[in-house]
Amino acid sequence: MATDIKDTTRAVEAAAVMGLLPARPRLLALGEPAHGEESLLELRNELFRQLVEQEGYRTIAIESDCLAGLAVDDCVTSATGTLDEALEHGFSHPDLGLSTSAANRELVRWMRAHNDGRPPSEQVRFAGLDGPLEITHAASPRRALTALHDHLRARVAADLLPCTGETLHRLLGADENWTDPAAMTDPSRSVGRSAGAGRLRLLADDLVALLDAQTPHLLATAPRDEWERARLYGRTATGLLRYHYWMADTSPARMTRLCALRALMMADNLLAVAERGPALVHAHNIHLQREKSTMQMWQGPVEWWGAGALLSARLGEEYAFVATALGTIRHRGVDTPPPDTVEGLLYALPEDRCLVDAPRLAAALGTAPPAPRVSPWFGYAPLDPAGLARRDGIVFLKDLPRDPRDAADSGR
C-alpha cells in the first residue's frame, strides 16, 4: 500500500496542481485546516505567485470581509494609501491576526510591486470573499446600503430612486444597534425584525433592481470597476439585512440558517470574482469542500451547504478544491498522527510536504477508508477520510513550525 500511496504524490507546485485537473478552473480553492498559522499563508503566497506567473491567474480571494478588502485592492492596483494602512483597514477577523500576519503583508507588498507600471488588464487583484461578519456580531448594513444609494444617485434620474439618503440614515439608526454582540446568542437583542429593518430590506431590494435595470447606462458612462463595486455593495447590503433578520429568529434552525446565509454570501462574492477571470481562493477547508459542512456550536451540531458545495454545483469542473492536511502542530498539542489515519499514512512518507492526487489515493486505499483522526486542539480540523474522492488534491505538510508571533508572545 505504501508504494501505491507514494505514486499518488508529487511536488507542491502550481503546475502539478493544474496537472490534477481536467482544465484550468475559474476558481481554484486552496483550503486550510487551521486558521492563524503563518506557514499555511506562506504556502498560499508561493502558489499564488506561480499561478500568476505561469498560469495567468489574476485574483486572490481570501477569507476576509469583502468590503474591507476593497482597501487592499485599491492599494495594490492604484497605490492608494500605505502598506500599513492596507493591512490595518483591509483585513477583518482580528481574532485570527490577519492584519498582523507577516505573510499577508508580504502578499500585499508583492502584489503592489507586481502591478507597478502594468496596465489594468495585466494587474493582479485582491478580494475578500466573506461578508462583513465576525464571530461576535454582524456589521451594520450602513456602509453597503449608503454606498449603493450614492452610486445610483450620482448616475440616474432622482425620480427613479426608491428613497432619499436621509430616509436610509433615519431607518438605519445607530450602528451599535446592529452590532450588539449579545444578539449573536440572544435573538431578542437583534434589530433584524424591527419595522425599520423590514423597510430597509425592501429598499435594498429596490436599489439592487434599479442597479440591474440601469446596467447598460451605467457601463456606458463609468468604468466597469465602479459598476462591479456597486454590485458588491448591493449583494452585501441585501445579504446583511437577510442575515440580521434571521439573527432575530428563535427557532432551532437559527444557526443553521445563519451559517448557510454566510456561505451564500461567500459563494456570490466568488462568482463575481470568477467573472473577472481565474482566481485562487483561500479559506478554511470547511468553507470550500464539496460535501456538507458541519460544526459543533454552543447549542449543538450545525450542518449546512458551504460555499464550495454551492460553487461546485454552479460551476462544475470550473471549480476545483485542494484541501490542506497537516501531520503535527506541536505548539498546539497536535502530535504525530496515528498510523491508521490518512494523515498518518502520509506522515510515513519521506517528504516534508507533498501534493496528493486525492481521487487516486482514495482508490489506492480501497473501499474501507482509514480511521478519522481526532484533534486535541479545537482549532485544527483533520481530514474526513470518507470525503477523499471529493477533493481534487491534498497538500500535506508534515510538521508545522511555530508561528513567530506565538513565540514572541510567550516570551513576554
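Look above for the structure.
To keep things clear, this report deals only with the structure shown in the data block. (Residues numbered from 1 in each chain as written. Predicted model: local features only at pLDDT ≥ 70, side-chain atom pairs only at ≥ 80, totals over all residues. Heavy atoms only, no water.)

**Notes on the overall build of the protein chain**
The number of helices and strands found in the protein chain is 18 helices and 10 strands. Taking 412 residues into account, the globule formula puts the C-alpha radius of gyration at 22 Å, and the protein chain, at 22 Å, falls close to it. Referenced to the eigenvectors of the C-alpha coordinate spread, the extents of the protein chain come out at roughly 70 × 50 × 50 Å. Sorting the 412 residues of the protein chain into buried and exposed places 54% on the buried side. The long-range share in the protein chain, meaning contacts at least 24 apart out of those at least 6 apart in sequence, stands at 78%. Carbon and sulfur atoms make up 53% of the accessible area of the protein chain, which amounts to about 17700 Å² in all. Charged side chains in the protein chain number 44 positive and 55 negative. The centres of these two groups are separated by 3 Å. (Helix = DSSP H or I, 4+ residues; strand = E, 2+ residues; numbered from the N terminus. Rg over C-alpha atoms; globule rule 2.2 N^0.38 Å. Buried < 20%, exposed > 50% of the residue type's maximum accessible area, 1.4 Å probe, protein only. Contact = heavy atoms within 4.5 Å. Areas by Shrake-Rupley, 256 points an atom, 1.4 Å probe, with all protein chains shown as cover. Lys, Arg positive; Asp, Glu negative; His and termini not counted. Charge placed at Lys NZ, Arg CZ, Asp CG, Glu CD.)

**Quick notes on the pairing of strand S5 (residues 279-284)**
S5 sits mainly inside the fold: six of its six residues count as buried. Bridge count for strand S2 (residues 27-32) against S5 is six bridges, and the pairing is parallel. Bridge assignment links Ala29 to a residue of S5, and that residue is Val281. Pairing analysis gives four bridges linking strand S3 (residues 59-65) to S5, with the strands arranged parallel. Bridge pairing in S5 links Ile62 to His282. (Pairing = 2+ DSSP bridges.)

**Here's the deal with the pattern of salt bridges**
A full pass over the atoms with the stated rule returns 23 salt bridges. Close ionic contact of Arg142 with Asp175 constitutes a salt bridge, the shortest N to O distance being 2.8 Å. Residue Arg142 is located in helix H7 (residues 142-153), and its partner Asp175 is located in helix H9 (residues 175-179); the two are separated by 33 residues in the primary sequence. Here Asp175 falls in the partly exposed class, since its relative accessible area comes to 30%. Where salt bridges share partners, they join Glu63, Asp130 and Arg262 into one cluster. (Salt bridge = Lys/Arg side-chain N within 4 Å of Asp/Glu carboxyl O.)

**Digging into the environment of Trp377**
Residue placement: Trp377 occurs in the loop between helix H17 (358-365) and strand S10 (393-399). Trp377 sits in the buried class, given a relative accessible area of 16%. For the pair Trp377 and Ala34, spaced 343 residues apart in sequence, the C-alpha to C-alpha distance is 9.9 Å.

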